[in-house]
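In case you want the letters, here they are:
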Amino acid sequence: MTSVKGWAGALLGVAATTVLFAAFGQLQSGQVWLGAVAMAPWLAALDRVRSGRGAVLLGVLLSVTFTAAVFGWFPGAIAAYSRAPVWLCWGVFLLIAPVLELQFITAAWVRWYSRRQVGDAPRLAWVPPVLTALVYVGTEWVTPKLFAETLGHGLYASETLRQGADLAGAPGLTLGLLLINECVVLVARGPRLRPAVLAVVLALVGWGYGAVRLGQVRAAVHSAPSLVVGAVQANITNIEKLAAEQGTYEVVRNILDTHYAMSDALLRSGALDLLVWPETVYPTTFGTPKSEDGGALDEEIRSWVAERGVPLVFGTYDLEGEREFNAAMFLGPSATGELAQAAYRKTMLFPLTEWVPDLVDTPSLRAWLPWTGRWKRGPGPRLVDFRLNGGRVLKVAPLICYEAIFPNYVAAEVRQGADLILTLSNDSWFSGTPAPRLHLMHAAFRSIETRTAQVRVTNSGISAFIDPAGTWTSELEDNQRAGTVMRVPAADRLSSLAGAWGDWLGPVALVLAVALGVWLRRLRLAEPGAGRSPLASGR
């Protein structure tokens with residue numbers, strides 16, 4: 001592909017895939033089918049590339065256009081948070097796009113390389129498509145991705161198809177979609193029966209498994225609730241700005257009074273087993289006060305919980321020596337009847353805004369980026385055994401905000417015997433963008449993978465109850481102040497491969513890709529005229 005016409009066709013392929021990705025990523029049920037063709041224009045363009053440099057360039061281009069089209073809301077949100085110029089945030093974001101979306105580049109180069117090795121040998125025609133898909137999935141697993149997104153997430157819009165995530169998570173759905181896209185590319189070159197049949201078989205297998213699994217999940221869920229949770233979404237945001245204008249004490253006073261009032265309203269509506277407030281709703285340390293006023297507010301919260309007689313979970317900070325943690329605080333009855341306290345410390349922190357690695361944490365960096373976070377990482381995935389009224393012990397898998405996008409982390413918690421996933425989040429940075437719904441979608445996949453119900457409470461939305469099939473209800477929308485009662489039904493425990501093994505497909509895909517690549521290389525070297533494939537020689 002060296003002519004102007006050839007490059008124009010390649011750029012058209014990049015543009016078409018970008019547009020299809022943007023539509024598919026809207027998570028609309030009527031657009032689920034786009035996942036079967038979204039990659040096809042770009043893959044077809046790659047097949048016309050005659051050099052490794054050209055393949056890498058198409059991968060870089062797609063990484064940039066994909067980032068701009070799908071996550072174009074992110075630079076504005078970061079600019080608002082950091083007060084940096086929007087143009088600067090956009091520039092940095094697009095500059096690092098090839099790193100964040102490295103799978104496009106590695107898959108492009110491997111596709112070119114394998115086609116060069118295979119040449120026009122019909123018996124090896126399957127190798128480049130399979131190797132492309134394996135490298136794509138493996139690269140997504142091994143490289144840093146701020147949003148942990150993958151093509152398979154678009155299938156969330158189908159209640160049936162998304163159930164396949166309990167096998168290998170969303171990456172498993174991605175692998176299936178990539179293989180179907182490869183079939184579409186082959187069929188588009190001319191009428192071919194085998195790839196058309198294979199595409200139909202892959203789709204039917206995915207749909208059939210999802211239908212069977214969905215039926216099993218529904219049969220396992222009982223009609224009577226085993227837990228009644230009151231969730232408070234007060235929609236109080238820009239706390240730092242408010243504190244600068246009104247004073248920290250006045251802001252905390254307003255936050256607590258609002259949550260007390262909204263919680264009392266829920267309690268008047270009926271009996272509750274548990275109350276949940278969102279991440280960092282109490283924006284200071286709890287239990288280790290930094291001032292006399294802080295100590296008085298700590299005691300006020302304990303007294304409020306004791307008087308209402310309902311256990312409370314809320315977001316706050318936890319202090320240990322000089323180390324401060326983003327935490328979820330559990331206050332409830334103990335075996336002796338007194339008020340017990342337990343803390344869960346957030347481990348997976350968002351880079352820079354919450355945490356800076358010690359290696360680069362310098363005064364110069366803090367001066368240049370004054371908004372960088374100072375929290376420390378927690379000890380890792382762990383359960384909290386939380387006693388409810390009546391003596392029942394609830395085994396909770398706590399998550400705080402960003403942690404919900406990590407399948408291995410959540411699976412490790414649930415494997416410890418969790419009855420419920422409990423997520424506290426703060427999505428106010430991204431209010432008014434697609435981010436709150438995308439974050440909720442990630443959380444829903446964690447419930448599908450582990451087949452565990454989830455209560456998710458945020459300060460500004462979207463709060464929801466998520467069942468083991470990944471369906472959310474009791475939904476409080478973005479930018480809405482409201483309380484809701486979430487009724488968590490009893491359910492029989494269902495096992496799942498993704499729950500047992502976590503995000504296992506990525507490393508397996510990388511190993512298979514390396515093995516296939518080595519096999520292909522040795523096969524070509526063993527043939528007469530090795531090193532001069534038909535494609536390399538210009539035929």
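Let me sum up the structure you'll find in this document. (Residues numbered from 1 in each chain as written. Predicted model: local features only at pLDDT ≥ 70, side-chain atom pairs only at ≥ 80, totals over all residues. Heavy atoms only, no water.)

1. Regarding the overall build of the chain
Then step 1. Counting its secondary structure elements, the chain contains 18 helices and twelve strands.
Then step 2. Expected size for 539 residues packed as a compact globule is a radius of gyration near 24 Å; at 26 Å, the chain falls within 12% of this value.
Then step 3. Along the longest, intermediate and shortest principal axes, the C-alpha atoms of the chain span 85 × 55 × 40 Å.
Then step 4. Within the chain, contacts between residues at least 6 apart in sequence are counted, and of these 70% link residues at least 24 apart.
Then step 5. Per element, the accessible surface of the chain, about 23,200 Å² overall, is 62% carbon and sulfur.
Then step 6. Between the averaged position of the 46 positive side-chain charges in the chain and that of its 42 negative side-chain charges there is a distance of 15 Å. (Helix = DSSP H or I, 4+ residues; strand = E, 2+ residues; numbered from the N terminus. Rg over C-alpha atoms; globule rule 2.2 N^0.38 Å. Contact = heavy atoms within 4.5 Å. Areas by Shrake-Rupley, 256 points an atom, 1.4 Å probe, with all protein chains shown as cover. Lys, Arg positive; Asp, Glu negative; His and termini not counted. Charge placed at Lys NZ, Arg CZ, Asp CG, Glu CD.)

2. A short note on the pairing of strand β5 (residues 339-345)
Then step 1. Bridge count for strand β4 (residues 323-333) against β5 is seven bridges, and the pairing is antiparallel. For P333, the partnering residue across the bridge sits in β5 and is L339.
Then step 2. Connecting β4 to the antiparallel partner β5 that follows it, the hairpin turn spans five residues, and G337 within it adopts a positive phi of roughly 95°. (Pairing = 2+ DSSP bridges.)

3. Quick look at a nonpolar patch on the surface
Then step 1. A surface patch of nonpolar side chains, about 620 Å² in accessible area, is lined by W87, L88, V92, L95, I96 and V99.
Then step 2. Examining the composition of the nonpolar patch, we find that four residues originate from one element, helix α5 (residues 86-95), more than from any other.
Then step 3. Within the secondary structure, V99 sits in helix α6 (residues 97-100). (Patch = residues over 30% accessible without salt bridge, like charges linked within 9 Å, V, L, I, M, F, W, Y side chains within 5 Å. Salt bridge = Lys/Arg side-chain N within 4 Å of Asp/Glu carboxyl O.)

4. Some words on the pattern of salt bridges
Then step 1. Across all of its chains, the model carries 24 salt bridges by this definition.
Then step 2. Two residues, E279 and K346, come together in a salt bridge whose shortest N-O distance is 3.7 Å. With E279 in the loop between β2 (274-276) and α13 (292-308) and K346 in the loop between β5 and α14 (363-368), the pair connects residues that are 67 residues apart, well separated along the chain.
Then step 3. You can call E279 buried: its relative accessible area is 5%.
Then step 4. A salt bridge links R437 to E475; its shortest N-O distance comes to 2.9 Å. Taken together, the residues R437 in helix α16 (residues 435-450) and E475 in strand β11 (residues 472-476) connect sequence positions 38 residues apart.
Then step 5. Residues participating in the shared-partner salt-bridge network are D47, R111, R115, E182 and R189. (Buried < 20%, exposed > 50% of the residue type's maximum accessible area, 1.4 Å probe, protein only.)

5. Digging into the sheet that holds β2
Then step 1. Ordered by their spatial adjacency, six strands build an open sheet running β5-β4-β3-β2-β1-β12, and the pairing between neighbours is mixed. Strand pairing shows two members of the sheet lacking a second neighbour, β5 and β12 (482-491), which therefore form its edges. Taken over all neighbouring pairs, the strand axes of this sheet differ in orientation by 40° on average, direction set aside.
Then step 2. By the bridge criterion, two bridges tie β2 to strand β3 (residues 312-320) in an arrangement that is parallel. Residue L275 lies in a different strand from β3, and its bridge partner there is L312. (Axes fitted to C-alpha atoms, helices over the stretch in contact; angles between N-to-C directions.)

6. Here we look at the packing of helix α12 (residues 248-269) against α13
Between two packed helices, what matters for the description is the angle formed by their axes and the separation of those axes.
Then step 1. Relative to each other, α12 and α13 sit at 0°, their axes nearing to 12 Å. Relative to α13, α12 is oriented roughly parallel. Between α12 and α13, the contacting residues are Y249, V252, R253, L256, Y260, S263, D264 and L267 on the first element and D293, L297, E300, I301, W304 and R308 on the second.
Then step 2. Tallied by class, residues from the contact of α12 with α13 come to eight nonpolar, one polar and five charged. (Parallel < 35°, antiparallel > 145°, perpendicular 65-115°, else oblique. Nonpolar A, V, L, I, M, F, W, Y, C, P; charged D, E, K, R; others polar.)

7. So, the sheet that holds strand β8 (residues 420-425)
Then step 1. Taken in spatial order, the six strands line up as β6-β7-β8-β9-β10-β11 in an open sheet, and their pairing is mixed. The sheet terminates laterally at β6 (384-387) and β11, the two strands that pair on one side only. Each strand axis lies, on average, 25° off the axis of its neighbour in the sheet, ignoring direction.
Then step 2. Here strand β10 (residues 463-466) pairs with β11 via three bridges, running antiparallel. When the sheet's bridge partners are listed, F465 is paired in β11 with T473.
Then step 3. In this fold helix α15 (residues 407-414) packs onto β7 (393-400) and β8, with an angle of close to 170° to the strand it touches most, β7.

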